[in-house]
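What follows is each chain in one-letter form.
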Amino acid sequence: IKSHTTRQVREGEIGDEYYFVTKEEYDKIDFLEKIEYSGNFYGTSYEEVNKYVNSNQDCYAILNREGCEIFKKAFKDRVKIIYVTLPLDEMASRMRDRGDSEESITKRIQNAIDNNETENYDIADCVVTNINLKESVKYVKMFINYHKRVYISGKIAGLSKAEYESNFQKAEDY
């Protein structure tokens, strides 16, 4: 699910990561969830969500904690939250690598601290610490495929920790 934003396209972005819109365009959109972050506006429109809700397609949205809570309330167990976290020093390093200013980095880190972005484990169905992109992608794919199998097979009850870890052990081909 692609979100809307009023921020500018960053260097290196293709421009299809978001719907990049002006503030005036943004204000005319009906959003399921929206937020102002670092002086820019982000939101997931009802129109975009409705493209996927009844299509039987897997879909993914990048959301903050409040957005996750809204999606969970609206879609109940049809939504799984994968919380991708990043240590603050790694976040700062990546921002420097892409050319962000020290002021922007400091603001982003402070925002992460103020909003407890490193402490949102309680809302997540899966937590991935993104130090190594290849490993992180592997674990996200395993989680998604595991839940596809559970849904398809009609199982409702959860697995024990050992059964769950066993599924992850068998998924080395990702």
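In case you missed it, the structure is sitting above this.
What comes next is a walk through the structure. Being a predicted model, the structure only gives us computed values, none of them experimental.

On to the pattern of salt bridges, then. Per the counting criterion, the structure on display carries eight salt bridges. Across the pair Asp27 and Lys23 runs a salt bridge whose closest N-O atoms are separated by 2.5 Å. A residue pair is termed a helical-turn pair when its members lie 3 or 4 positions apart in one helix, as Asp27 and Lys23 do in helix H1 (residues 23-27) at four residues. Residue classification places Lys23 among the partly exposed positions, given a relative accessible area of 33%.

Attention now goes to the sheet that holds strand E3 (residues 31-37). Read from one edge of the open sheet, four strands run E2-E1-E4-E3, paired in mixed fashion. Two strands close off the open sheet at either side, each with one partner strand: strand E2 (19-20) and E3. The sheet contact formed by E3 and strand E4 (residues 40-45) spans six bridges and is antiparallel. Each residue of the ladder has a partner; that of Glu36, found in E4, is Phe41. The strands that helix H3 (residues 65-75) touches are E3 and E4; relative to E3, the one it contacts most, it runs at about 170°.

As a further point, take the packing of helix H4 (residues 88-97) against helix H5 (residues 102-114). Helix packing geometry: the angle between the two helix axes and the distance between the axes. In contact at an axis separation of 10 Å, H4 and H5 are set at 150° when each is read in the N-to-C sense. Taken together, the axes of H4 and H5 lie roughly antiparallel to each other. Helix-helix and strand crossings are classified by hand; for H4 and H5 the assignment is right-handed. Of the residues in H5, those in contact with Leu88, Met91, Ala92, Met95 and Arg96 of H4 are Glu102, Ser104, Ile105, Arg108, Ile109, Ala112 and Ile113. Each residue belonging to the contact of H4 with H5 can be placed in one class, and the counts come to eight nonpolar, one polar and three charged.

Rules of the game
Residues numbered from 1 in each chain as written. Predicted model: local features only at pLDDT ≥ 70, side-chain atom pairs only at ≥ 80, totals over all residues. Heavy atoms only, no water. Salt bridge = Lys/Arg side-chain N within 4 Å of Asp/Glu carboxyl O. Helix = DSSP H or I, 4+ residues; strand = E, 2+ residues; numbered from the N terminus. Buried < 20%, exposed > 50% of the residue type's maximum accessible area, 1.4 Å probe, protein only. Pairing = 2+ DSSP bridges. Contact = heavy atoms within 4.5 Å. Axes fitted to C-alpha atoms, helices over the stretch in contact; angles between N-to-C directions. Parallel < 35°, antiparallel > 145°, perpendicular 65-115°, else oblique. Left-handed = near helix turned anticlockwise from the far one by under 90°. Nonpolar A, V, L, I, M, F, W, Y, C, P; charged D, E, K, R; others polar.

Just distances and angles here, no functional claims.
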